[in-house]
Structure formats: structure tokens, C-alpha cells
Amino acid sequence: MQVSEVLHEYTKELMHRKTSPSNMMKHYSVVRTILNYMGDISHERVNRVSVREYMNNRRVKPQTASREMAVLRAALHFCSDEELIDWKPFKFDVVKAKPRERFLSQEEIASLLSNCNGHLKLWTMIALSTAARSGAILGLKCDRVNFNDNIIDFSDVYVEGRQKPRSVIRMPEQLRPHLECAVSKSVSGYVIEKNGQPLTSIYKEFKSAGARAGLQDVSPHTLRHTCAVHMVKNGVPIYEVSKYLGHESVQTTETHYAKFAPDFMQKSSAIGSMLIQE
């Protein structure tokens, strides 16, 4: 079976799983790239050598090429499990992206907000104050905002297929009037809308606002990271931050954010200092 056929079978499976439209768009983009490089070769020729050649020939960041090969690996595993091909699994080279360290200061936040208007400003305020992911914010329906109990429920039981965990949080007090205004004016039933229609992406508009604010190396996800960092810096317990972020494991939160806590390794550092005291 050719690689193109392997990817086709896997794509059909993802559609059967009712994978979200946004994730399917990303998948199609990766598939097109792989097809350009190795779509016409047999699955039997996919080995460590061909994978490394692919990653070396792709003029992108190593982690990007690695993510693309992860799709091919998943497709091969699927076809093998379904007995569509006879394939001997091998370990793909994995290149992970460096942890995101960029977060915004209060001054940068003020500059960013001053360069946003309308639906983009509302989206930005929600992102900064709730740490929700971009897709969760864009998919937030008005009936998931509970003003009586001050709850925002980013989960959506109607979304089928695999998705990252979404949180249920207490509504930030300063955000409430903006949500009340948006919900009262909503035409589509979604909190974030443009010309009465929900949005599927905010990326380009956000990047333009970031450029106007003079901010370097920022993306929509930067706001989620910013919210989490400021929470930990201000003494919010890691467990609570983890629930706010919707992480499935507190350990994940600790790995990324414990170092920002005011008392991070305070006692250890004090002992280290004592040992070299003159």
C-alpha cells in the first residue's frame, strides 16, 4: 500500500471519530505536505532512513517536521492494527518544542488591549482572565455562561471526537459586564461573533494587534500562559491553577509553573546560601 493510501485510510478513520473541523483542517495540511514528499512510495519503504531524510529536507523547524511524521506514524499504526498492511513498527525520531516561556507583563497587557477593538478585544479579555484556549473561547455559547452562579463552562457536550480538556471556572468579576453585553447582543448564540456569525479562528487578527502593540513573539496561546504565570506569581495554589487551566494532571501544571511561585525552592536556596556564608 502506498503512503497516500495509508493516509487516506487514516483520514477516513478520523472523520468517523468525528474529529473537530479545526483539527481536521490541520490534519489535511499535514497530509498534503507528506504527500508532496513521500506520497507515492510504498509503506514498506518507510523506515528510519526515509523519516530522517524527510525531516532533513523539510525547511521548517525540526519539531514541525516531527509533528508531521507523528501523523504518518499514527496512520501506519492504524492500518497495521486494522490488518490493512503488514508493517513492523520502529521508533520515530521525536523532536519536542521547547516549553513556552513568553508571558506578558501588566504593561504589555495594557498595550495589547489598547490595540484591540470589538470582538477581538472581548476575545482577548476572556483569554487573559480565564486562561481558556482559543478554540474553547470561540466555541463558547451564551447558554454556557451562568450569570446566576457566576460560572463559565467551556466544556461542550455537543462537541464530538477528541479534544483537549476544557475547564469550568468561576467568572472573573471584571469580565462579567463584558460578557453580559456580549450575550445580550449575540445573534448567533455564541459569545464571540463577527457580523452576527461565530468565528473559527482569531489568529491573524490577534497577530496584527500584537504587532500594533509592538509585542514580539506572541500568539493566542501566550495569553493562556500569561494568566497562569500571574496566578502562580501571586500565590494561587498550584492545584487551583491546574483546575482553572483544565489540566488533567496537577503534575503537568507543576512542571510548567511551579518555578513562578513566590516560595519556589525558598528553603533550599536559603540552605545553599548558608553553606557558602563567610
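Structural notes, computed from the coordinates. (Residues numbered from 1 in each chain as written. Predicted model: local features only at pLDDT ≥ 70, side-chain atom pairs only at ≥ 80, totals over all residues. Heavy atoms only, no water.)

1. With respect to the overall build of the protein
- Within the protein, the regular secondary structure consists of 13 helices and five strands.
- The principal-axis extents of the C-alpha atoms in the protein amount to approximately 70 × 55 × 35 Å.
- Counting every position in the protein, which comprises 278 residues, the buried fraction comes to 40%.
- Counted over contacts in the protein with a minimum sequence separation of 6, partners at least 24 positions apart contribute 62%.
- Summed over its atoms, the accessible surface of the protein is roughly 17,000 Å², and 49% of this surface lies on carbon and sulfur atoms.
- Side-chain charges in the protein split into 38 positive and 30 negative, and the spacing between the mean points of these groups amounts to 4 Å. (Helix = DSSP H or I, 4+ residues; strand = E, 2+ residues; numbered from the N terminus. Buried < 20%, exposed > 50% of the residue type's maximum accessible area, 1.4 Å probe, protein only. Contact = heavy atoms within 4.5 Å. Areas by Shrake-Rupley, 256 points an atom, 1.4 Å probe, with all protein chains shown as cover. Lys, Arg positive; Asp, Glu negative; His and termini not counted. Charge placed at Lys NZ, Arg CZ, Asp CG, Glu CD.)

2. Overview of the packing of helix α5 (residues 106-114) against helix α6 (residues 118-130)
- At their nearest, the axes of α5 and α6 sit 9 Å apart, and the two run at 155° to each other. Our classification of the angle between α5 and α6 gives roughly antiparallel. Where α5 approaches α6, its residues Ile109, Leu112 and Leu113 are matched on the opposing element by Lys121, Thr124, Met125 and Leu128.
- Grouping the constituent residues of the contact of α5 with α6 by class yields five nonpolar, one polar and one charged. (Axes fitted to C-alpha atoms, helices over the stretch in contact; angles between N-to-C directions. Parallel < 35°, antiparallel > 145°, perpendicular 65-115°, else oblique. Nonpolar A, V, L, I, M, F, W, Y, C, P; charged D, E, K, R; others polar.)

3. Quick look at the pattern of salt bridges
- Summed over all chains, the structure comprises seven salt bridges.
- One salt bridge connects Asp153 with Arg144, and the closest N-O pair in it is separated by 2.7 Å.
- Classification of Asp153 by relative accessible area gives buried; the value is 17%.
- Judged by relative accessible area, Arg144 falls into the partly exposed class, the value being 23%. (Salt bridge = Lys/Arg side-chain N within 4 Å of Asp/Glu carboxyl O.)

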